[in-house]
Every structure is written in structure tokens, then in C-alpha cells.
2 protein chains.
Amino acid sequence: MAFLDELQDALGLDYVRTRLPERMAYAYDATGEKHPPDAVAMPGSAEQVLTVLRIARKHGVPVVARGAGTNLSGGTLPVQGGLVLNLLRMNRILNIDVAGRRAEVEPGLVNGRLNDALRPLGFHYAPDPSSMKVSTIGGNIAENAGGPHCLKYGVTASHVLGLQLATSEGELVDLTEADAYDLRGLVVGSEGTLGIVTRATLRITPLPRAARTLMAAFPDLDRSCQTVAGIIAAQIIPAALELMDRVNLELTTTAGFGHFPPGTEAALIIEVDGDPEDIAEEAAHIAAICHSYGATEVRSAADEQERNQIWLGRRNNYGYLARTSPFVWTQDVTVPRNHLAQMLREVLAIGERHGLPINTVAHAGDGNLHPTIPFDPKDPVQREQVRQADLEILAACVRLGGSISGEHGIGIDKLAGMPLMFTPAQLDLMGRIRRVFDPECLLNPGTLLPAPKGGF
Amino acid sequence: MAFLDELQDALGLDYVRTRLPERMAYAYDATGEKHPPDAVAMPGSAEQVLTVLRIARKHGVPVVARGAGTNLSGGTLPVQGGLVLNLLRMNRILNIDVAGRRAEVEPGLVNGRLNDALRPLGFHYAPDPSSMKVSTIGGNIAENAGGPHCLKYGVTASHVLGLQLATSEGELVDLTEADAYDLRGLVVGSEGTLGIVTRATLRITPLPRAARTLMAAFPDLDRSCQTVAGIIAAQIIPAALELMDRVNLELTTTAGFGHFPPGTEAALIIEVDGDPEDIAEEAAHIAAICHSYGATEVRSAADEQERNQIWLGRRNNYGYLARTSPFVWTQDVTVPRNHLAQMLREVLAIGERHGLPINTVAHAGDGNLHPTIPFDPKDPVQREQVRQADLEILAACVRLGGSISGEHGIGIDKLAGMPLMFTPAQLDLMGRIRRVFDPECLLNPGTLLPAPKGGF
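In short, a report on the structure. (Residues numbered from 1 in each chain as written. Chains lettered and ligands numbered in written order. Predicted model: local features only at pLDDT ≥ 70, side-chain atom pairs only at ≥ 80, totals over all residues. Heavy atoms only, no water.)

Some remarks on the overall build of chain A
To keep things clear, this is the line we draw: Put simply, DSSP H or I for four residues or longer makes a helix, DSSP E for two residues or longer makes a strand, and each gets a number counted from the N terminus. Only protein chains enter the calculation, and the probe is 1.4 Å; a residue is then buried if its accessible area is under 20% of its type maximum, exposed if over 50%, and partly exposed in between. It only takes one pair of heavy atoms within 4.5 Å for two residues to be counted as in contact. Note on areas: these come from Shrake-Rupley sampling with a 1.4 Å probe, and a residue is covered only by the protein chains present in the view. Counting rule for charge: Lys and Arg are taken as positive, Asp and Glu as negative, and neither His nor the chain ends is counted. Where a charge lies is defined by one atom per residue type, namely NZ (Lys), CZ (Arg), CG (Asp) and CD (Glu).
Along chain A, the regular secondary structure elements total 16 helices and 19 strands. Its C-alpha atoms give chain A principal-axis dimensions of roughly 70 × 55 × 40 Å. Each of the 456 residues in chain A was classed as buried or not, and the buried ones make up 59%. When contacts within chain A are restricted to residue pairs at least 6 apart in sequence, those whose partners lie at least 24 apart make up 70%. Surface accessibility of chain A: about 17,100 Å² in total, with carbon and sulfur atoms responsible for 52%. Between the mean site of the 40 positive side-chain charges and the mean site of the 53 negative ones, chain A shows a separation of 3 Å.

Describing the pairing of strand E9 (residues 172-176) of chain B
Residue and element names in this part refer to chain B. The cut-off we apply is this: Strands qualify as paired when DSSP identifies two bridges or more between them.
Alternating residues of E9 divide into Val173 and Leu175, all buried, and Leu172, Asp174 and Thr176, none buried. The pairing of strand E8 (residues 160-166) with E9 spans five bridges and is classified as antiparallel. What sits directly across from leucine 165, in E9, is valine 173.

Notes on the pattern of salt bridges
The line we're drawing: By salt bridge we mean one thing: a side-chain nitrogen of Lys or Arg within 4 Å of a carboxyl oxygen of Asp or Glu.
Enumeration according to the criterion identifies 50 salt bridges over all chains in this entry. Of the charged contacts in the structure, one is a salt bridge between A:Arg387 and A:Glu384, with a shortest N-O distance of 3.1 Å. Placement of the pair is A:Arg387 and A:Glu384 together in helix H14 (residues 380-399), with a separation of three residues, close to one helical turn. Taking the relative accessible area as the measure of exposure, A:Glu384 reaches 39% and is therefore partly exposed. The shortest N-O distance in the salt bridge between B:Arg57 and B:Glu440 comes to 2.9 Å. Note that B:Arg57 is positioned in helix H3 (residues 46-59) and B:Glu440 in the segment after helix H16 (424-437), a separation of 383 residues in sequence. Residues joined by salt bridges that share partners form a network here, namely A:Arg17, A:Arg19 and A:Glu22.

Considerations on the sheet that holds E8(B)
Across a sheet, strands are paired by hydrogen bonds formed along the backbone, either parallel or antiparallel in direction. Residues and elements named next belong to chain B. As a reminder, the rule being used: Only the stretch in contact is used when fitting a helix axis, every axis being a line fitted to C-alpha atoms; angles between N-to-C directions are given from 0 to 180 degrees.
Pairing within the open sheet is antiparallel, and its five strands lie in the order E5-E6-E10-E8-E9. Across the chains shown, the open sheet's two edge strands, defined by having one partner strand only, are strand E5 (93-97) and E9. The sheet shows a mean angle of 15° between the axes of neighbouring strands, direction not considered. One ladder, built from four bridges, connects strand E6 (residues 102-105) with strand E10 (residues 196-203); its direction is antiparallel.

A word on the packing of helix H8 (residues 221-233) of chain A against helix H13 (residues 340-354) of chain A
Residue and element names in this part refer to chain A. As a reminder, the rule being used: Working definition: roughly parallel below 35 degrees, roughly antiparallel above 145 degrees, roughly perpendicular at 65 to 115 degrees, and oblique for all remaining angles. In this scheme the handedness of a crossing depends on how the near helix is turned from the far one: anticlockwise by less than a right angle means left-handed, clockwise means right-handed. Under the convention adopted here, Pro, Cys and the residues Ala, Val, Leu, Ile, Met, Phe, Trp and Tyr are nonpolar, Asp, Glu, Lys and Arg are charged, and Gly plus all remaining residues are polar.
Two elements in contact, H8 and H13, have axes whose closest approach is 9 Å; the angle formed by their N-to-C orientations is 155°. With respect to their mutual orientation, H8 and H13 come out roughly antiparallel. Like other packed secondary-structure pairs, H8 and H13 cross with a definite hand, here right-handed. Between H8 and H13, the residues in contact are Leu221, Asp222 and Cys225 and Leu340, Ala341, Leu344, Arg345 and Leu348, respectively. When grouped by side-chain class, the residues that make up the contact of H8 with H13 number six nonpolar, no polar and two charged.

As for the sheet that holds strand E1 (residues 16-17) of chain B
All names here are of chain B. What the four strands build is an open sheet, ordered E1-E2-E4-E3; its pairing is mixed. For this open sheet the edge positions go to E1 and strand E3 (63-66), each flanked by a neighbour on one side alone. Sheet analysis places E1 next to strand E2 (residues 39-41), joined by two bridges and oriented antiparallel. When the sheet's bridge partners are listed, valine 16 is paired in E2 with alanine 41. Packing against the sheet, H3 makes contact with E2, E3 and strand E4 (83-86), and its axis sits at approximately 175° to E4.

Description of the state of the cysteines
The condition that has to hold: Note on disulfides: each one is a pair of cysteine sulfur atoms within 2.5 Å.
Following the criterion strictly, the structure yields zero disulfides over all chains and no others. No disulfide involves A:Cys290; its sulfur sits 13 Å from that of A:Cys225, the nearest cysteine. Its sulfur unpaired, B:Cys397 is 15 Å from the next cysteine sulfur, which belongs to B:Cys225. Residue classification places B:Cys397 among the buried residues on the basis of a relative accessible area of 0%.

Some thoughts on unusual backbone geometry
All names here are of chain B. Non-glycine residue asparagine 144 carries a positive phi angle of around 50°. One can find asparagine 144 in the loop between helix H5 (137-143) and helix H6 (150-153). According to the relative accessible area criterion, asparagine 144 is buried, its value standing at 17%. Phi at leucine 448 takes a positive value of approximately 70°, unusual for a residue other than glycine. Take leucine 448: its relative accessible area is 0%, and that puts it in the buried class.

Brief notes about the interface of chain A and chain B
Put simply, the rule is: A 1.4 Å probe defines the accessible area here, and the buried area is the portion of it lost by two parts on being joined, summed over both. Whenever a nitrogen or oxygen atom comes within 3.5 Å of another N or O atom, the pair is scored as a polar contact, on the condition that within protein one atom can donate a hydrogen and the other can accept it, and that pairs from neighbouring residues in sequence are kept only if both atoms are in side chains.
Across the contact, 47 residues belong to chain A and 47 residues belong to chain B. Approximately 3,800 Å² of surface area, both sides summed, lies buried where chain A meets chain B, with 60% of it carried by carbon and sulfur atoms. Taken together, the links from chain A to chain B amount to two salt bridges. Between B:Arg432 and A:Glu169 there is a salt bridge, with the nearest N and O atoms lying 3.1 Å from each other. If you look at where chain A meets chain B, you find twelve residue pairs in polar contact (both at pLDDT 80 or more).

A short note on the side chain of B:Arg101
Along the polypeptide, B:Arg101 turns up in the loop between E5 and E6. B:Asp97 provides the closest opposite charge to the buried, unpaired B:Arg101, separated from it by 7.7 Å. Polar side-chain contacts of B:Arg101 include one of 3.0 Å to the backbone oxygen of B:Val98. Excluding residues within four positions of it along the chain, B:Arg101 makes contact with A:Ile232, A:Ala233, A:Gln235, A:Arg337, B:Phe123, B:Leu202, B:Arg203, B:Ile204 and B:Pro206.

Overview of helix H14 (residues 380-399) of chain B
Residues and elements named next belong to chain B. Heads up, the condition is: The span expected for a helix works out to 1.5 Å for each residue beyond the first.
Over its 20 residues, H14 runs 29 Å from end to end, which matches the ideal 28 Å to within 8%, given 1.5 Å per residue. The set of residues buried in H14 consists of Val386, Ala389, Asp390, Glu392, Ile393, Leu394, Ala396 and Cys397. Residues of H14 that are buried sit in contact with strand E16 (327-330), strand E17 (333-334), helix H13 (340-354), strand E19 (368-375) and helix H15 (418-421). In this structure aspartate 379 caps H14, since a side-chain oxygen of it lies 2.8 Å from the backbone nitrogen of valine 381. Immediately downstream of H14, the backbone of glycine 401 shows phi near 80°, a positive value.

Observations concerning a negative patch on the surface
Worth spelling out the cut-off: Patch members must show over 30% relative accessible area and no salt bridge, and they are joined within 9 Å when carrying like charges or within 5 Å when they are nonpolar side chains of Val, Leu, Ile, Met, Phe, Trp or Tyr.
Taken together, A:Glu277, A:Glu281, B:Glu277 and B:Glu281 make up a surface patch of like negative charges. Mapped onto the negative patch, the elements with two or more residues apiece are helix H10 (276-292) of chain A together with helix H10 (276-292) of chain B. Judged by its relative accessible area of 52%, B:Glu281 is exposed.

Overview of the packing of aromatic side chains
Residues and elements named next belong to chain A. The condition is simple: Only the six-membered ring of Trp is used, alongside the rings of Phe and Tyr, when aromatic pairs are assigned; centres must lie within 6.5 Å, and planes under 30 degrees apart are stacked while those over 60 apart are edge-to-face, with the rest tilted. Whether a charge sits over a ring depends on NZ of Lys or CZ of Arg being within 6 Å of the ring centre and within 35 degrees of the ring normal.
As enumerated under the stated definition, the model contains two aromatic pairs over all chains in all. Measuring from centroid to centroid gives 5.9 Å for phenylalanine 327 and phenylalanine 375, while their planes differ by 85°, and the two rings are edge-to-face. Placement of phenylalanine 327 in strand E16 (residues 327-330) and of phenylalanine 375 in strand E19 (residues 368-375) is noted, with a sequence separation of 48 residues between them. A single burial state applies to phenylalanine 327 and to phenylalanine 375, both of which are buried. One cation-aromatic arrangement involves arginine 89 over tyrosine 15; the distance from NZ or CZ to the ring centre is 3.4 Å. Positioned above the aromatic ring of phenylalanine 260, the side-chain terminus of arginine 299 is 5.7 Å from the ring centre.

Looking at the relation of the copies chain A and chain B
Defined as follows: Superposing copies: least-squares fit, C-alpha atoms only, residues required to have pLDDT of at least 70 in both.
Rotating chain A by 180° and translating it 0.0 Å along the rotation axis places it on chain B, where the RMSD comes to 0.0 Å. A rotation of that kind, with that shift, is consistent with a two-fold axis.

Observations regarding helix H4 (residues 111-118) of chain B
The cut-off we apply is this: To be clear, the arc concerns the directions from the helix axis to the C-beta atoms.
What H4(B) keeps buried is the set B:Asn111, B:Gly112, B:Leu114, B:Asn115 and B:Leu118. Seen end-on, H4(B) carries its buried residues on one side only, within an arc spanning 155°.

Notes on the environment of B:Asn71
All names here are of chain B. Positionally, asparagine 71 belongs in the loop between E3 and E4. Relative accessible area serves as the criterion here: at 8%, asparagine 71 is assigned to the buried category. With 96 residues separating them along the chain, asparagine 71 and threonine 167 place their C-alpha atoms 22 Å apart. The contacts of asparagine 71, once residues within four sequence positions are left out, are Asp29, Ala30, Thr31, Thr76 and Glu143. A polar side-chain atom of asparagine 71 sits 2.8 Å from a polar atom in the side chain of glutamate 143.

Here it is as C-alpha cells:
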């Protein structure tokens, strides 16, 4: 039987989409590239995922898993055609075990919806990527997503206790952190190349009793970075410690969120959470540190509404920037925290060298930067400038002992950067691991690892 | 050239041991089995480890890494002969980066010595296996060792930021948690089967400002388990939450540590750490919870000396028990915390069924139990009883949704239990991962995974 016929037999006509307008809806993500799949399958259960994988394997068709499509590195793009596996139907919360501090969910569940269900119980699922209102748990796991509050609570990998994985060879396997080899940890962040996550057991955490959010303004980037180091050195672990540069602050201000003294070049958002008395003390200590490093203003959110405004301003940053130009390129690199100021300077210098306005927001506490470049992708000169600047940013980060990917993944975007960071022996090792899970190179081919002879 | 000649040429005569008395010193660990290696190599650097691996591969000789030999599951036993790689010469602290919160060390460094170096700086390396005074960082990594304080701080895997691994194919590769695939996490807990760790970058943590330790006595096991659940439900995360049963309490008391009301069947050691005011409040809250579940006594350590005495009593538990009989078998299983009481009851029933006095200490907060069985290994009837009871404990733990290994590893001890927990598909997947790193099955063969056709 032909591939599509078999697929439609298995899932029903409604859940296999082949018309071009429908396929085009799955052709893009935030990288801006367009690669329409040959078809879209919408399985409703782990068993249907297995069936789809078996059929795809039989016909040698690539399979690319997709949640909300908020991916920032091309990890959801069917660059070699084939089938997009849309997991949004599998969006159930299967169980919330408050005493055991865990929740069992399907991969298509939106992060924010899980948190909506947990909040009335006094709990949260801590990883909070800026996309959390729309991005799915499956996508968060595939990218090992981070977020502002991962400084204190840890990234996605720290919150995934177990996974059910549908393998390309048609088996369902349960992976937990207690296994002889931590295959669970291997799958988190593997960008859909090792199998399809069909269920996840997540750690849930009591909501903090209270939180306090400070905004500190600085006349230059260096002082803001020194303040980050000063806070950490004072043995305070804030719940979040974010840095925004001048351009981002202006966009935020223009959008109606916040106001800053004239001459502000950088601001930190610093949040502490926990016991109300403790955080009052910590907030006072942090404010003093900010002033000692030359903050021109330190403001504490007066109430929950003002606190939400600050975070809304920060989370929408990418959106504000996107309004200013036809397209915005966002990079994601991590450097040791003590090299943050140096890396920010390098990014500015790279921007100047190529005549590009590069702005940066950073999860400063983690040393994770997001330099962003607004540009017009229709202009081939600008495109080449951005490509070149991008590679230089990756190289600078590797030179400073950092990592070319923080939380957005490798996808197709950073394939060219991989040899900057990994030796041939390391790439070979990773390639062989990939083939253990996917001997026929059908899962998300053309992404994550530069193709060796024989391809992925 | 012959294998040993080549080895002696590479390391020098002093660092290759072949005489039987020397080899016998590497033939055992805490499992009690004896398997002398054919030779012992003592490399002094990562390059020498590589050289040894290359020579061993050329001659097809198995290689078993060893630190202090405190292993509890047979993971350091050369069950198929070959070479023991003694890593104790590689015991340097290479760097302590206080601002970056990390330390770089060699694998043969003793855990306690790292902590001795960190204490004056106001830091610690948090994972604290009971063997920490003698066991090495390399061994802790190979076993993904836990300890009482891992309840709050996380097990070894959460504290290993990066590894340098010498592969069986003779390459040095750097693995970090930021890599596309988390091979670092795969190697932690892999019991020497994926390569030899030649350097580790560890997370270091500020020492808590203060700590307070409580001992609570209970008239039965159930009440102690209910108290564990009650403390967690009150959203307190103690630094440690340990359970000891009657026999262990009696041994501790006899050894001069502590005293308990008559009729005490179980006790909890509960430690909180952090800000002095907070922990005073938390300790009072915990004491109230203990009383509400029927504790007959709750005592708070009056000073640091009494606190150390409590921990010394707990850490030496295994030693006290070892004095009571020719040999003590220690099991290591984990169940969901809400099944702790049920698992304790099952363990007691299994002991009664086989006429064996099984005692238990538990990292109760993690649901991790160590049932221990004193017995005479020279008595074949007792040996068979212990073997049978052991398998029943593993089966009970799997039935309750637990894991057959908490922190002591699989080694040779739990090979028979692996099929209880893993499907053939899972075992096959793990076997294929192992072969990626070790295609010729020379690293710790005969351990960790039941041998498929062709062997490991």
C-alpha cells in the first residue's frame, strides 16, 4: 500500500493532512526558513505514534516531531521533506501526584496550561521559557528549554523524572533517571533525533510563598555585569537575574512597561522568592549591592501587578523587537559568568564591524546571552552580514570557554558552528549514539549534527 | 611485544604490579567476592590512561577502573580477569574557581579531601556518600553516588558539570552538560563501562550558614514513615531525612552514640540547614509534626559536637553491623516515597519467610532503602537464603514502582535483577549504547548489563 494510504488507514482521514495550504502551516519556525513537509500526521496516542513510526520506517520517510513550532533553531523544519508529526492532540494531563511531587503528561500539553492546573494546588512546573504560554512540554523537553527562573530551579532536564519514548524501530521504552545508563537525560535536549516522547513524568515544585522583583538601572553594561558577579559572590541565589541592554529597555519603555533614568545603558531584573521575611532582607541586600556598583536607580515592584508588568515587558522583548524590522535573528550562547561583560563587549564589536545593530538580553545569572539582530532577510547583503556576525559570535563564545547553545538548540541553525566546539572524535561519538536510536536516519534528518558520509 | 612488557615500558616498572599478593589487594570489594586481576596499572596522567587503554585494546585485555574499592555491587571486580586501572595516583585538585562555583579535579581524589580544601573557602562539594572519607570522586561519579544530604542538594549527577573521558578507542573527549547530547550524564553512573574519567569539573556550593539536627524516636515503623510524608507535605525540604530501624539503633546506642526511650522501633534523623532564624523555625515545625504522628521523643543536637556524633553514628552503621557477623550484605533499592512503609513491611516479611534478620536504614526522604543482612558466607544454606531474599526484595521494589538501584550501582550483584526492571528492548538499547563507547567489550566486562549473545 502507498505510504499515505497506509497512514490514513491507521489514523483516519481527518488526521493526515496533505493539501499544500495545510502543509505550509507546518513549514516554518522562528528561523524564518520554509520547508513544507510532504504530509502531516496527527496521532492521538502513544500507540498511534508507534504505528506512524512503523509505517514511516517501512517506506523510508523522514519524521519530524512538532509541538507549537516556537523553535528558534530550525529543529522542527522538515529540511529533507517527509512527515511532520503534529503532537498537539496528545495534550492531556494524565496524573498530578501532589504527595509524590510529580505530574504525568502527554507531550502536546502547553507548559502554561500545566501551570494553570498546578497553581490552585499550590505548585508549579518551574522551567519557564519565554514561550511558555504557547510552547509544549514535548518541545521544551526536545530543546531542554530554559527560562528566567531556571537560575534557581534548574533547566528542563532537572525536572524530567521519566520519559516514555517511541523509538524509530517501533518500540515503546520507559526511561527514568534511575536507569543504569541515564538515557532519559540523553533524550532531553536531543531535538527529536532519538525518538518521539509520548509521555513525560515531571517534577512539580511548591509555589514560593512570596516573591519580590527589583529593577536596577546602570549607566553602562560593565557595571551591570559586575553587579551580577557581586550578587552571586554574596551567596544569594536569586530566582531570576536578567539583563537587558539599552535598545531592549527603550522598546520595553515604548510598549508602556517601565521607565528608566536618562543615560541608562543596561538594567537588571532581579527576583528573589521564598519566605516573606527572608526575601525582604535579601532584596535590601541586593539593592545595596546594586548601588555599590553604581546603579542609578533600584526599584522594587510595589505589588503583584507591577511585578507581572515587569515580567511581561521582559517576556515580550522578542515580540517588540520583531515589530521594528522585517525579521529578527536571535542567537543563544552561554559563557562562564565571569566572562559575561567580555562577551557583551565582543558582541557589540562584532555588530559595529558588520554595521549591524545587535541588541542583547541575557539570563545573566546563568551566563546565557541572546544577542538579537533585526534585519531584512530579502536583502542578500544583510543576510550575508548576519550569517558572518553570527558565526563570529559563536567563535567568540567558544574562545571564552562557553557553549554555542544555551537553551534554543542546534537545529539547522548551528550546524556550521558545531566543529568550532566539538572535535571530530566527539562528533563521531554523538553520531554513533544517534544511529543506535535511529539506525536508518529518519528522525529529524539534516539537523543537530553535521552530516557524516552516509548522512543522518 | 608482550602485554606486560609494553605496559611496563609505558608506565615504568614501579607502576605495573603483577605479583600475586599485590594483585590480591585489588581482588575484592564490599560484595565479598574475590577476583584477582592479571595485573594492576597505576597511571599518573590522562595521557598515561590513554596509553594503557591503547595497549590493552591491542592485546584484547579487559580494563577495570578502581578508586578506593568501597564499591558495594562488584563494579570494581575484574570478573573476567585482565587489568585493574588503579587511579589513586591521579588525585590532584587542579583548580578551585570560587567565583565560577566550580572545582576541577582528578578522579583519584578522595571526596573528603576535596571538602577539606573547600571548607576554609566557605564551600563544599555536596554529595556525601557514607564512604566519603575514603571513596574517590571518580568512584562517586562511576556509581552516581548519593548520600544523606542529596535529598536537598541532589546526587552526584547534579554536581558534575563536565568530564574528560578517555575512550576505549584511545581518544580524550570533553563532555559537558551543554552538549547536543548529554553524554556527560550518560557517563555518570555508567560504572566504568563507557570510558575512564580522567578529569571532572564539579559544582561547588556555599556551606550553609547553620544547620540543626533532630533525632525523633517512634514506637513503630509506620509512624516514622507517616512523619516523613508529613514533613514533605508541609513543604519543608530538609537537608537530610534518614530512617534507622530498631536493630540499627541498638547497634548505634551500643557503640556509644545516642540513647532512645524503651520500645523505640524506629528513629528519624532530620537535618535542616540555611539561615539560622529560618532553621530554628523549621526545626520547631518539624518537631511538632513528629509529635503529631506519635514520636515518643524529639531531641535537637545541642551543639556541633552532638551533631557530629549523630552523623558519625549514622555513617558508621554499616561498620557496626559488620562486627556482628562474618559478613553483611547491603541492598540498595528505591521506591516512591509514599510506598516507603509498605516496602519496609515487605522487607520484614521477606526476612521472616527466610529466617533472616534483615535490618534497614533508609535515606527516607528519597525513598531509598538499604536493607542489610548479616550472614555467614561459608554456610551454603545461608548463602542461598540471602540470594533468594535479595531477589524478592528487588521484585517487591519493582512491584511498588521503584528502582532496583538507588546509589550503589548494578555491578555484578544485580545482573539477575535487571530483567525484573527492564524490557528486552530497553536492555538491547543500553547494550548498543555501551558498544558505541566500547566496541570490543573491554571496559568492565561482565558487569552492569546481562550479557547478550557475543558477551560484553
